[in-house]
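# Per-entry structural report
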Amino acid sequence: MSTWLLAALLGLSMASGAVFAQRMEGDRAAAIGLYAAEIPVRSQSESEREAGFARGLAQVLGKLSGDRNAAQRPGVAQELRRAGQYVEGYDYRQDEGVSSRGSPTFTTTLVVRFRQDDVDGVAAALGLPVWPDPRPKPVMWLAIDDGSGPRLVALQQNNVARPALQRAIERGYRLGLPTGNAAEQAAVGAIWRGDTAAIARISARYNPPMQLIGKLYRNGEGGGWKADWIFVDNGRVLARWSETGDDARRTLATGADGAADALTKRYARSSPAGAPSTESIVFSGINSSADYIRLSSLLQRMSVVRGIRPVRATPMGLELQLDLLTGLTGFRHMADSNVLVEADGTIDGEPPVFHLR
């Protein structure tokens, strides 16, 4: 039986589907909330859409956890490959812009929405941290010197700050800008010298008491840019960092990344999922070779299952030893209750029993 089952475990198939959204004429598709993403795509082909779903799920898991490297965490890549199974709906948007040479550009954006319960289940099963709602909206105090002296970027100049504002949304939170009254315009000097106390005082009218303080300026004779950033939470400096780059917009966006990293480091909660472990589990309801194949395919699709070893067949069912990424807690999170049902009354010290429907 062991040899036969191991051979059967080699097969795997996957199907995915999603609903194309129906919109009223004049509506503009946009990603709203933590469980939606906007992904630039080259076309509306199925292959490009499936790749977009994977990138979108990576973005959503990043927003949910606050971890910009969420896609590199163990088990996540396997979930990204079947991202289409978690899609609630999708749509496309055509965006028109202008190139650096002044010619018009056109970009196709895939707007995809994922089912919240499915994404939460994946995050819990894989042990991803969770950055809880509601999330703060820090005020970004930004001064830019392009060679003619530093100037405050206020609400009226929000297009200048767009790279940082948009990057913050991609990271799962929002940044605000000061209104730009005379007193705030005069605070440019405090921004430039990194006087966090002075900026905190002038920012007292805004809520919450969080400030992202940054200055962007030319970096020597090479024509590049440098940004110096400070993130302050209720008067306490949580992080300081600097970034350089040839593109001012990309260098500006690093402020949103650094603020998100500081916020999640302080406020994200650890997942309740367990540590990696090897567990024996008994599966009942295995009455034919078709049942064996169905069970093996199901287990291989579960990203928390890292290894499968048959142990023995008993009157209770088939006992397997599973290497689990986040222990039995993660396995229980990811087990589809429509297919695998855990039996009640497990005896301490005995393997849990799951019935294959």
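First, a word on scope: everything that follows refers to the structure included in this document. Counting from 1, residues in each chain are numbered in the order their sequence is written. The model is predicted, so local features are restricted to residues of pLDDT at least 70 and side-chain atom pairs to those at 80 or more, both for listing and for counting; the totals for chains, interfaces and linings are taken over all residues. To get the side-chain values, take all heavy atoms of the structure and skip hydrogens and water.

In sheet architecture, strand pairing relies on hydrogen bonds along the backbone and comes in two forms, parallel and antiparallel. With mixed pairing, the 5 strands of this open sheet are ordered in space as β5-β4-β6-β7-β8. Looking along the sheet, the strands with just one partner apiece sit at the ends: β5 (151–153) and β8 (236–245). Across this sheet, the average inter-strand angle for adjacent strands is 20°, counted without regard to direction. Pairing of strand β4 (residues 139–145) with β5 involves 3 bridges; the strand directions are antiparallel. In the strand pairing of β5, Ile 144 is matched with Arg 151. A pair of strands is labelled paired if DSSP reports no fewer than 2 bridges between them. For helices the rule is a DSSP run of H or I covering at least 4 residues; for strands it is a run of E covering at least 2, with both sets numbered from the N terminus onward. Note on geometry: axes are C-alpha line fits, over the in-contact stretch for helices, and angles between N-to-C directions span 0 to 180 degrees.

Glancing now at the pattern of salt bridges. Any carboxyl oxygen of Asp or Glu that lies within 4 Å of a side-chain nitrogen of Lys or Arg is treated as forming a salt bridge with it. Overall, the coordinates contain 20 salt bridges when judged by the stated rule. The partner of Arg 171 in a salt bridge is Asp 261, and the shortest N-O contact between them spans 2.8 Å. Taken as a pair, Arg 171 in the loop between α5 (162–170) and α6 (182–185) and Asp 261 in helix α9 (residues 248–267) lie far apart in primary sequence, 90 residues in all. Under the scheme applied here, a residue whose accessible area is under 20% of the maximum for its type counts as buried, over 50% as exposed, and between as partly exposed, the area being computed with a 1.4 Å probe on protein chains only. Exposure remark for Arg 171: the relative accessible area of 3% places this residue in the buried category. Put simply, Glu 342 and Arg 332 hold a salt bridge, and the shortest N to O gap is 2.8 Å. Residue Glu 342 is located in strand β12 (residues 340–342), and its partner Arg 332 is located in helix α11 (residues 327–334); the two are separated by 10 residues in the primary sequence. Assessed through its relative accessible area of 40%, Arg 332 is described here as partly exposed. Residues joined in a network through salt bridges with shared partners are Arg 68, Arg 167, Glu 170, Arg 171, Asp 257 and Asp 261.

Strand order across the open sheet formed by 3 strands is β1-β3-β2, with antiparallel pairing between neighbours. A strand with exactly one partner marks an edge of an open sheet, and here the two such strands are β1 (36–41) and β2 (87–98). On average, adjacent strands in this sheet sit at an angle of 25° to one another, irrespective of strand direction. One ladder, built from 11 bridges, connects β2 with strand β3 (residues 104–114); its direction is antiparallel. Bridge pairing in β3 links Gly 89 to Arg 113. Between two residues, a contact is recorded if the distance between any of their heavy atoms is within 4.5 Å. Sitting on the sheet, helix α2 (residues 46–65) is in contact with β1, β2 and β3, with an inclination near 140° to β1.

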